[in-house]
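Per-entry structural report
What follows is the residue order along each chain.
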Amino acid sequence: MSNNTDSISTQKVLQCVRFPPRGFSLGIFGKDNNPWTYSVPTIQSQILLIYVITQLFHIPLKRLGFPKITSEIFAGLILGSTLLGRYRSYQESLFPIASQGILGALSTFGYLLFLFLSGVKMDTSLTRKIGRRALVIGILNHLVPLVAGMITVSALSRSFFQEGGTTVSPSVEVITIAKTSFPVISFLLKDLGLLNSELGRLALSSALISDLFGLTITVISVLVFISATGTLARAVKDAILFIIFIIVVIFVFRPLMIWVAKKTPEGRPVKDLYILLIVLAVLLSGVFSDWAEQTVLVGPFIFGLAVPEGPPLGSTLVDKLDPFASGFLLPIFVSLMSLRTNLSAINPSSSFTFANIILICVASISKILACLLPMLYCKMPLNDAAALSLIMSTRGVVDLATYSFLRDTKIINQETFAFMVIATAFTAVFVQIMVRWLYDPSRKYAGYQRRNLINSNNKLPILLCIHNQDNTAAILRLLEKSNPTRDFPIVANVLHLIELRGRASSVFISHQIQTKAISDVSYSENVILAFQGYERNNYGAVTIQAFTAISPCNLMHEDICTLALDVLASIIILPFHRKWAVDGSVEVEDHSLRTLNCSVLERAPCSVGILVDRGQLRRSNSVRSSQNAYCVAMLFLGGNDDQEALTFAKRMAISGTISLTVIRLISKKEMSSNVDQVIDLDIVGDWKHSRSGWENVQYIEHQVNETTETALLVRSLVDDYDLIITGRRNNTHCPLTAGLEEWSEIPELGVIGDMLASKDLKTRASVLVIQQQQIAM
């Protein structure tokens, strides 16, 4: 019955196609004024229509937590035989069979590049460092649903699956459901912002093991199928060819690409000739894998695994090819696959439909339980274990491509294909919404314990963030002036932040534990050596612990806050997003760094300081800074942040090597009965009394009548000092700064910090703005 139905439906779509196809329309001057009789205008219209409908769905659905792939599937269902494809005039004019073949070939090329780049982004070195939990989850996640599905197929009568097209259809369906795709998991974690979280790293490691394990099973299954349907000699020949291909990729192409990476100078782009040769090799790898009777997509993926991930080669390939492959062609590929889906082919009353529902449910539930139960046994919280189980059971574009290939080869029929497409869309939506509800990575940063400078003891744990070599000099200068002595030691945790490029998984390295570094750690070498040299020169007073984090810019705050939590830091020091030239003008303004600083200020489990460095500028000729001592001013207006800044300034002054001036601004309008004002008076009074005999410390009070006097006073002080410390004064209001907030250009620095970091202010003084830890309610 099924074969007759397929033949009838095939006859309905038979059309006369003109060869060679006409490409470009002659426009209004041509005899034929119908542009859709030409292939190029037709394909352009198809692409435009796919993108318009996709965006119309995605704009409202993304607010509900729906992933973009669901909008692409909906666009294909609307344009396909499920809805508009029922009308013959529409299909013949806008989506004729010939144009679908051309657009399908173009989008398949994009999917081939996507798989290659997925292999490039995979950090195969993780397999050597994967823990037991990730190994167990990765194998069980594939093995348990595979066994459970096969048992279900055996338990159900074969008559249930007679409409499936072939006798191997149920078994192949189980294999595809059991598969976990690393690119799909990586895409999901990126959308959820969990790449840097502990849960995300565990999911990526488990997905890598599961994907490689599934790839091995798939290759073996293909060879077994060939030997069962053909001859054993043919299967052996294909196995030998495939093994030779892998050996050539590992021992010939990978050393060549490592050589290319080493030949490329640091900071310089890879030559275009090498990129073109690699793309050519990707296409040849697809041809070779097809010759070995594997799918044409296996070769590019394995070839991508051989490319050294990260800069310079991996990142260059991703930067050049990923926008075109994943950004432009891949959405078309997804929509075209769902465009070929006919939901009317599903018969709700048939036994075949019942068997498919049972099989999908059993395999999916067993896949979730295969992750959930081991994690609960390992004492993982229920919410985290459930979120991880759902992540490992998600589906996406790789699964859709597999279903499409099985449909084209007649292994599964149209009804099974429709089932799989709907299951993929439903799973993608359900998993993303549920994981957002179950797992909040920022909740672990909630500050229920006070970690700040006021409550710290003599030993100061501090987290110093470095982005480039310029930051190293500024941070070292601040560290030196922070009075590290044997009586007041500093534990400096140095975190070098590197943007994630050319790989899918984030990397976090502790250089105290991992002595053998990966390729990207060479970028941290100068930073590590500079701080280790400072530690040797200050033995017993400073302890350096170095770390490297390679992650996306929008997720770097996760690494910073997690490390601050782990090392019990009292304060995080962040570099400012502006860099000044020697003449005082702004040379660089890094907006991604500014976004990072704001994210850390919102989530940090301790106090935060933002260092505005002007140390490379010429020193002022003023009287104060012409002295030998390093001159520091602390502007005190009141509030928790200013109290924290005063504590830091007090620590700097203990050694007597710097000259500290505490300048307190007092408004005549302030009432002494104000509780906060009384606390400020007590703190300042205690500080004055304890430091009364120190010659390197001065205390000055200025009475200010209005905000304009505050601004003029602050600007008049800047050339007298090398460093000015002030509090951010977050959520603090007083007459001294009333109205100035509206003119603030950089609110993360506060009103006073914003004035001191202004582009218009030609000062030589660096600025340190401190925010005290915000306690969660």
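Per an unreviewed UniProt entry, the recorded name for the chain is Cation/H(+) antiporter 4-like, and the organism is Nicotiana tabacum. Its UniProt record, at the heading Subcellular location (unreviewed entry), says of the chain: "Membrane".

**A short note on the overall build of the chain**
Counting its secondary structure elements, the chain contains 25 helices and 13 strands. Per-residue burial over the chain gives 54% buried out of 777 residues. For the chain, the proportion of contacts with a sequence separation of at least 24, taken over those separated by at least 6, is 82%. A total accessible area of about 35,500 Å² is found for the chain, and carbon and sulfur atoms account for 61% of it.

**Side note on the pairing of strand 13 (residues 766-771)**
Burial of strand 13 is extensive: six of the six residues sit out of reach of the surface. Alternating positions in strand 13 separate into two faces, S766, L768 and I770 on one and V767, V769 and Q771 on the other, with burial throughout. Looking at chain direction, strand 8 (residues 607-612) and strand 13 are connected through five bridges and run antiparallel. Counted as the bridge partner of V608 is Q771 from strand 13. Sheet topology note: the strand 12 (residues 723-727)/strand 13 ladder contains five bridges and is parallel. Along strand 13, the bridge assignment pairs L723 with S766.

**Brief notes about the environment of P183**
You can see P183 is positioned in helix 8 (residues 182-192). Setting aside chain neighbours within four positions, we find P183 in contact with F114, S118, D211 and V398.

**A closer look at helix 2 (residues 39-61)**
For helix 2, spanning 23 residues, the distance from its first C-alpha to its last is 33 Å, which sits close to the expected 33 Å at 1.5 Å a residue. Residues of helix 2 that are buried: S39, P41, T42, I43, Q46, I47, I50, I53, T54, H58 and L61.

**Quick notes on helix 8**
The element helix 8 is extensively covered by neighbouring structure, given that eight of its eleven residues are classed as buried. Residue G193 follows helix 8 closely and has a positive phi angle near 70°.

**Quick look at the sheet that holds strand 8**
Read across the open sheet, the eleven strands follow the order 3-4-2-1-5-8-13-12-9-10-11; overall the sheet is mixed. In the strand order of this sheet, the two ends are held by strand 3 (507-510) and strand 11 (697-704), each with one partner. Pairs of neighbouring strands in the sheet enclose a mean axial angle of 20°, with direction left out of account. Pairing analysis gives four bridges linking strand 3 to strand 4 (residues 542-551), with the strands arranged antiparallel.

**Focus on the pattern of salt bridges**
Per the stated rule, a full pass over the model turns up nine salt bridges. For the salt bridge of D211 with K179, the shortest nitrogen-to-oxygen distance reads 3.0 Å. Taken together, the residues span a long stretch of sequence, with D211 in helix 9 (residues 198-229) and K179 in the loop between helix 7 (169-178) and helix 8 at a distance of 32 residues. Accessibility classification places D211 together with K179 in one group, the buried group. Between D559 and R201 there is a salt bridge whose closest N-O contact spans 2.8 Å. Here R201 lies in helix 9 and D559 lies in helix 20 (residues 556-566), a separation of 358 residues in the sequence. Owing to a relative accessible area of 24%, R201 belongs among the partly exposed residues under this scheme.

**Regarding unusual backbone geometry**
The backbone of K379 sits at a positive phi, close to 70°, despite the residue not being glycine. For K379, the location among the structural elements is in the loop between helix 14 (351-377) and helix 15 (382-392). Classification of K379 by relative accessible area gives exposed; the value is 74%.

**Here we look at the confidence of the model for the chain**
When pLDDT is averaged along the chain, the result is 78; 80% of the residues meet or exceed 70. Ranking the elements of the chain by mean pLDDT puts helix 1 (residues 2-12) last, at 39, and strand 5 (residues 571-575) first, at 92. A low-confidence stretch, residues 1-13 (pLDDT under 50), is modelled with three contacts involving residues beyond four sequence positions or located in other chains. Ignoring residues within four places in sequence, the model shows residues 515-521, a span with pLDDT below 50, making 15 contacts including any to other chains.

**Structural notes on the side chain of S326**
Considering the arrangement of structural elements, one finds S326 in helix 13 (residues 313-339). A relative accessible area of 14% means that S326 is categorised as buried. Looking at S326, its side chain comes within polar contact range of the side chain of D322, at 2.7 Å. Apart from residues no more than four positions distant in its own chain, S326 is found in contact with F114 and P331.

**Here we look at the packing of helix 11 (residues 272-291) against helix 13**
With their axes 11 Å apart at the nearest point, helix 11 and helix 13 run at an angle of 75° to one another. Taken together, the axes of helix 11 and helix 13 lie roughly perpendicular to each other. Between helix 11, through D272, I275, I278 and V279, and helix 13, the contact on the second element is made entirely by L313, T316, L317, K320 and L321. Its residues assigned to classes, the contact of helix 11 with helix 13 comprises six nonpolar, one polar and two charged.

**Observations concerning the environment of C465**
As for its placement among the helices and strands, C465 is situated in strand 1 (residues 460-466). For the pair C465 and L574, spaced 109 residues apart in the sequence, the C-alpha separation amounts to 5.5 Å.

**Details of the packing of helix 20 against helix 21 (residues 591-603)**
Two numbers describe how helix 20 lies on helix 21: the axes approach to 9 Å, and their chain directions differ by 40°. The angle between helix 20 and helix 21 falls in the class oblique. As helix 20 runs across helix 21, the sense of the crossing is right-handed. Contacts between helix 20 and helix 21 involve M556, H557, I560 and C561 on the former and, on the latter, L596, S599, V600 and R603.

**Re the pairing of strand 4**
Of all ten residues that make up strand 4, eight are buried, and the element is covered over most of its length. When strand 2 (residues 490-499) meets strand 4, the two strands line up parallel, connected through ten bridges. The residue of strand 4 that forms the bridge with H496 is T548.

About the cut-offs
Residues numbered from 1 in each chain as written. Predicted model: local features only at pLDDT ≥ 70, side-chain atom pairs only at ≥ 80, totals over all residues. Heavy atoms only, no water. UniProt positions renumbered as here; feature names shortened; annotations may be inferred. Helix = DSSP H or I, 4+ residues; strand = E, 2+ residues; numbered from the N terminus. Buried < 20%, exposed > 50% of the residue type's maximum accessible area, 1.4 Å probe, protein only. Contact = heavy atoms within 4.5 Å. Areas by Shrake-Rupley, 256 points an atom, 1.4 Å probe, with all protein chains shown as cover. Pairing = 2+ DSSP bridges. Expected span 1.5 Å × (residues − 1). Axes fitted to C-alpha atoms, helices over the stretch in contact; angles between N-to-C directions. Salt bridge = Lys/Arg side-chain N within 4 Å of Asp/Glu carboxyl O. pLDDT = per-residue confidence, 0-100. Polar contact = N/O pair within 3.5 Å; in protein donor to acceptor, adjacent residues only side chain to side chain. Parallel < 35°, antiparallel > 145°, perpendicular 65-115°, else oblique. Nonpolar A, V, L, I, M, F, W, Y, C, P; charged D, E, K, R; others polar. Left-handed = near helix turned anticlockwise from the far one by under 90°.

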